[in-house]
Amino acid sequence: LSDELINTETFPTRIEFDQRAQTLGNTSLVGTFLDLNRARGLSQRAVAAVQKFAKVAADSAGFPEVLALGGLTYVLFAENYCGAVPVSVVNNDGTFTYGAPLTVNQQLDSAVSRFNQALAVGTPLTATFKQLAQIGKGRALLDKGDYANAVLAVAGVSTTFQYIYQHSATTTGQNNGTWSLTANVARYGVGGLKGGNGLPYQQDGNTKTVGFDPRVANTVRVANSGHGFDNGVPGGELQFVQQKYPLRPSPITVADGVEARLIEAEAALQTDPVAALGILNGLRSNAALLTLRGYPAGSLPPLTLQATTDAQVNQLFKERAYWLFLTSHRLGDMRRLIRQYLRAPETIFPTGAYFKGGTYGTDVNSPVPQREQNNPSYTAGSCKQNEA
């Protein structure tokens, strides 16, 4: 739906995502929405269990972690779905308490509440879970355009901090899902100037090019004459495979200190472009960070100050896109460019002729799946796929 990946397969329901033209009956919408709701629900149940059975809720060292992870589910709903996401609850007796649609800001407020609860736990709050909650809170506040409080939220987070989601090669369910749909079964390739407005991930990260950007490293698929699952139809396009997650067990960074610095840079950009550039270049020259990420020294040369405000915003959002590549941040950022920087959707999202036929649609988010219409508190018309 954003510009990071392009479709290299034949499934029409997933082509709809790529074409920004998702229909409400799209069966591929269901799984991710349900999984995210399961994560939200399991977090709530874990929190309730600790509160019920521990002498003091803070007795559990994992208590702030599940609070923070629950907060992140609300952030992901706000960033990826239309501004009318219902939050229902499964009761202990198996019945449902149906939830009414929540707006983007209501989802983000719910997230901030959970991050605040995590940060207020007290003594058992480890540095890892504290920084996870800090970054999550900063992300939610940034989504609201509250730059000052977003900066306060991430104060003290280490630049080299990482909260990692581990994967395994043991079973399919434990594999890295991005690896599975890109490197393994060739359903998605790295985008390059997608739909005219997309960033040049493919061109900048092509490992065959001298001085390629390691943050978006990619290479042409070896098998199938370089084509994806669609055999290069309709125009013989090659599939460029992301190299960020090269293996089944490749871990994914959920939150890290780079994101904290990027939040600070964006806040600084509102009043002091020079300071913002200093933060961005500080990341690019941080030897410990480059080593942690496996990037060669000097692979990210310093940026120069752009002459106009628009160009400075473009520079910052490109840095965000490359540092946070394939970590479920880009769609939220593209929507923020509409909400907070007042840019027209068709200047941000892929547009014009679609390479597999027809034209790009107008979606800037994903709809709530059709089955949610069984919820008596939900009104389908409240979901606007073309509104940021």
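Check the entry above for the structure.
What you are looking at is a predicted structure, and each value in this text was computed from that prediction instead of being measured.

A look at helix α12 (residues 309-323)
Residues lying three or four places apart along an α-helix face the same way, a consequence of the helix completing one turn every 3.6 residues.
Point 1. With 15 residues, α12 extends 21 Å between its outermost C-alpha atoms, agreeing within 8% with the 21 Å of an ideal straight helix rising 1.5 Å per residue.
Point 2. Regarding α12, the residues found buried are Gln 312, Val 313, Gln 315, Leu 316, Phe 317, Glu 319, Arg 320, Ala 321, Tyr 322 and Trp 323.

Thoughts on the nonpolar core
Point 1. Phe 115, Ala 140, Leu 262, Trp 323 and Phe 349 are the most contacted members of the largest nonpolar core, which totals 64 residues.
Point 2. Broken down by element, the residue count for this core peaks at eight residues, all from helix α9 (residues 257-269).
Point 3. Those residues in contact with Ala 140 that sit more than four places away from it in its chain are Val 75, Leu 108, Ala 111, Val 112 and Phe 115.
Point 4. Of all hydrophobic cores here, the second largest spans twelve residues; its members include Tyr 201, Tyr 245, Ile 252 and Leu 326.

Focus on the pattern of salt bridges
Point 1. Taken as a whole and assessed by the stated rule, the structure comprises 20 salt bridges.
Point 2. Residues Arg 20 and Glu 346 are paired through a salt bridge, measuring 3.2 Å at the closest nitrogen-oxygen approach. In this pair, Arg 20 sits in the loop between α1 (12-18) and α2 (28-53) while Glu 346 sits in the segment after α13 (330-339), placing the two residues 326 residues apart along the sequence.
Point 3. A relative accessible area of 0% places Arg 20 in the buried class.
Point 4. Under the relative-accessibility criterion, Glu 346 is labelled partly exposed at 33%.
Point 5. A salt bridge links Arg 38 to Asp 35, with the nearest nitrogen and oxygen atoms 2.8 Å apart. Taken together, the residues span about one helical turn, with Arg 38 and Asp 35 both in helix α2 at a distance of three residues.
Point 6. Judged by its relative accessible area of 48%, Arg 38 is partly exposed.

As for the packing of α9 against helix α10 (residues 273-284)
Point 1. It is the contact of α9 with α10, at a shortest axis distance of 7 Å, that shows an interaxial angle of 165 degrees. When the interaxial angle is binned, α9 and α10 end up roughly antiparallel. Note on packing geometry: the crossing formed by α9 with α10 is left-handed. For the pair α9 and α10, contact is made by Val 258, Arg 261, Leu 262, Glu 264, Ala 265, Ala 268 and Leu 269 and by Pro 273, Ala 275, Ala 276, Ile 279, Leu 280 and Leu 283, respectively.
Point 2. Residues of the contact of α9 with α10, tallied by class, amount to eleven nonpolar, no polar and two charged.

Quick notes on the packing of helix α3 (residues 63-80) against helix α4 (residues 104-119)
Point 1. The N-to-C vectors of α3 and α4 enclose an angle of 165 degrees; their axes lie 8 Å apart at closest approach. By the angle class used here, α3 and α4 are roughly antiparallel. Crossing of α3 over α4 shows left-handed handedness. Taken together, the residues of α4 that come into contact with α3 (itself represented by Pro 64, Leu 67, Ala 68, Gly 70, Gly 71, Leu 72, Tyr 74, Val 75, Phe 77 and Ala 78) are Val 104, Gln 107, Leu 108, Ser 110, Ala 111, Arg 114, Phe 115, Gln 117 and Ala 118.
Point 2. Among the residues forming the contact of α3 with α4, the class breakdown is 13 nonpolar, five polar and one charged.

Some thoughts on a nonpolar patch on the surface
Point 1. Nonpolar side chains collect at one region of the surface, where Val 90, Phe 96 and Tyr 98 lie side by side and expose about 300 Å² of accessible area between them.
Point 2. Assignment of secondary structure puts Val 90 in strand β3 (residues 89-90).
Point 3. Given the relative accessible area of 46%, Val 90 is considered partly exposed.

Overview of the environment of Ala 46
Point 1. Position of Ala 46 among the secondary structure elements: in helix α2.
Point 2. Overall, the relative accessible area of 27% leaves Ala 46 in the partly exposed class.
Point 3. Each C-alpha atom, one on Ala 46 and one on Phe 63, is 8.1 Å from the other, the two residues being 17 residues apart in sequence.

Focus on unusual backbone geometry
Point 1. In this chain, Val 233 is followed by Pro 234 through a cis amide linkage whose omega measures 10 degrees.
Point 2. Phi is positive for Leu 193, close to 55 degrees, though the residue is something other than glycine.
Point 3. You can call Leu 193 partly exposed: its relative accessible area is 45%.
Point 4. A positive phi angle, near 60 degrees, is found at Ser 328, a position not held by glycine.
Point 5. With respect to the helices and strands, the residue Ser 328 is situated in the loop between α12 and α13.

Reading the values: the criteria
- Residues numbered from 1 in each chain as written.
- Predicted model: local features only at pLDDT ≥ 70, side-chain atom pairs only at ≥ 80, totals over all residues.
- Heavy atoms only, no water.
- Helix = DSSP H or I, 4+ residues; strand = E, 2+ residues; numbered from the N terminus.
- Expected span 1.5 Å × (residues − 1).
- Buried < 20%, exposed > 50% of the residue type's maximum accessible area, 1.4 Å probe, protein only.
- Core = buried A, V, L, I, M, F, W, Y, C linked by side-chain atoms within 4.5 Å.
- Contact = heavy atoms within 4.5 Å.
- Salt bridge = Lys/Arg side-chain N within 4 Å of Asp/Glu carboxyl O.
- Axes fitted to C-alpha atoms, helices over the stretch in contact; angles between N-to-C directions.
- Parallel < 35°, antiparallel > 145°, perpendicular 65-115°, else oblique.
- Left-handed = near helix turned anticlockwise from the far one by under 90°.
- Nonpolar A, V, L, I, M, F, W, Y, C, P; charged D, E, K, R; others polar.
- Patch = residues over 30% accessible without salt bridge, like charges linked within 9 Å, V, L, I, M, F, W, Y side chains within 5 Å.
- Areas by Shrake-Rupley, 256 points an atom, 1.4 Å probe, with all protein chains shown as cover.

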